[in-house]
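Residue strings, one per chain:
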Amino acid sequence: MNAPAASTAIGIGIGILDADGAEAAIPALAEILRDSVANGASVGFMHWNGAADYERFWRDVAAGVASGQIILFAARNAEGIVGTAQLHLAAKPNQPHRAEIAKVLVHSRARRQGIGEALMRRAEAVARDKGRDLLVLDTDENGAARRLYNRLGWTELGTIPRFALMPDGADCGSTFFYKSLA
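On a predicted model such as this, the values are computed, not experimentally measured, just so you know.

1. Here's the deal with helix α4 (residues 115–129)
Link 1 in the chain: Taking 1.5 Å per residue as the helical rise, α4 with its 15 residues ought to reach 21 Å, and the 21 Å between its terminal C-alpha atoms agrees with that figure.
Link 2 in the chain: Taken together, the buried positions of α4 are occupied by Ile115, Gly116, Ala118, Leu119, Met120, Arg122, Ala123, Glu124, Val126 and Ala127.
Link 3 in the chain: Backbone geometry just after α4 places Gly131 at a positive phi near 80°.

2. Overview of the nonpolar core
Link 1 in the chain: Counting 29 residues, the largest nonpolar core has Phe73, Leu87 and Trp154 as its most contacted members.
Link 2 in the chain: Of all the secondary structure elements, the ones that give two or more residues to this core are β2 (13–17), β3 (70–77), β4 (80–89), β5 (98–106), α4, β6 (134–140) and α5 (144–151).
Link 3 in the chain: Counting residues per element, this core draws most heavily on α4, at seven residues.
Link 4 in the chain: One finds Leu17, Tyr54, Ile70 and Leu72 within the second-largest nonpolar core, a separate group that totals 22 residues.

3. Focus on the packing of α4 against α5
Link 1 in the chain: Viewed as axis vectors pointing N to C, α4 and α5 meet at an angle of 50°, and their least axial separation amounts to 11 Å. Taken together, the axes of α4 and α5 are oblique relative to one another. Crossing handedness for the pair α4 and α5: right-handed. Across the interface between the two elements, Gly116, Glu117 and Met120 from α4 touch Leu148, Tyr149 and Arg151 from α5.
Link 2 in the chain: Looking at the contact of α4 with α5 residue by residue, the classes come out as three nonpolar, one polar and two charged.

4. A word on the pairing of strand β7 (residues 155–165)
Residues in a regular strand project their side chains so that they alternate between the two faces of the sheet.
Link 1 in the chain: As paired elements, β7 and strand β8 (residues 171–180) share seven bridges and run antiparallel to each other. Within the sheet, the bridge partner assigned to Thr155 lies in β8 and is Tyr178.
Link 2 in the chain: Hairpin geometry of β7 and β8 is characterised by an intervening segment of five residues between the two adjacent antiparallel strands and by a positive phi of about 95° at Gly169.

5. Let's talk about the pattern of salt bridges
Side chains that carry opposite charge are capable of pairing whenever their charged atoms lie near each other.
Link 1 in the chain: A complete count under the given rule lists nine salt bridges for this structure.
Link 2 in the chain: Here Arg56 ties to Asp53 by a salt bridge, and the two come within 2.7 Å at their closest N and O atoms. Pair noted here: Arg56 and Asp53 are both in helix α3 (residues 51–67), with a separation of three residues, about one helical turn.
Link 3 in the chain: On the accessibility criterion, Asp53 (23% relative accessible area) is partly exposed.

Parameters at a glance
Residues numbered from 1 in each chain as written. Predicted model: local features only at pLDDT ≥ 70, side-chain atom pairs only at ≥ 80, totals over all residues. Heavy atoms only, no water. Helix = DSSP H or I, 4+ residues; strand = E, 2+ residues; numbered from the N terminus. Expected span 1.5 Å × (residues − 1). Buried < 20%, exposed > 50% of the residue type's maximum accessible area, 1.4 Å probe, protein only. Core = buried A, V, L, I, M, F, W, Y, C linked by side-chain atoms within 4.5 Å. Axes fitted to C-alpha atoms, helices over the stretch in contact; angles between N-to-C directions. Parallel < 35°, antiparallel > 145°, perpendicular 65-115°, else oblique. Left-handed = near helix turned anticlockwise from the far one by under 90°. Contact = heavy atoms within 4.5 Å. Nonpolar A, V, L, I, M, F, W, Y, C, P; charged D, E, K, R; others polar. Pairing = 2+ DSSP bridges. Salt bridge = Lys/Arg side-chain N within 4 Å of Asp/Glu carboxyl O.

Shown next as structure tokens:
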């Protein structure tokens, strides 16, 4: 069963998908990932990756949801799922206070509407509810998400050059952030 969606002022519902919901959403989530890569996002995939790669990724995420290690958020509007984010709960015994934000993605047709911010705010709230008061993430050093995280009060730690590649094969530095919710 999926958790109820939190409504936002922008007419977007931010819900939490359970394992069955994540499996059912794979086509929409794969399309968001495909669109992000096609638009140049450095999110772990290259321009030559295809639908099977994206679907396999989301099946693995659904397995993480089923195991309780990942909380998967979906942003929906009248068109369906247009954005997503993940909260990875640290599983190590010495890190019960920590989680990682991953794959904050918004389809290009729905960008610049505050969906990324709404996803982040919901993820932070759920992290607090789960007793996680330290969050970490990384992002493309030149991407729009970097500005979003700064605006939301995240602390920028620095950038590792050439940490990953852009979908076209160009070097991509990754900028690391943390946020204390305590």
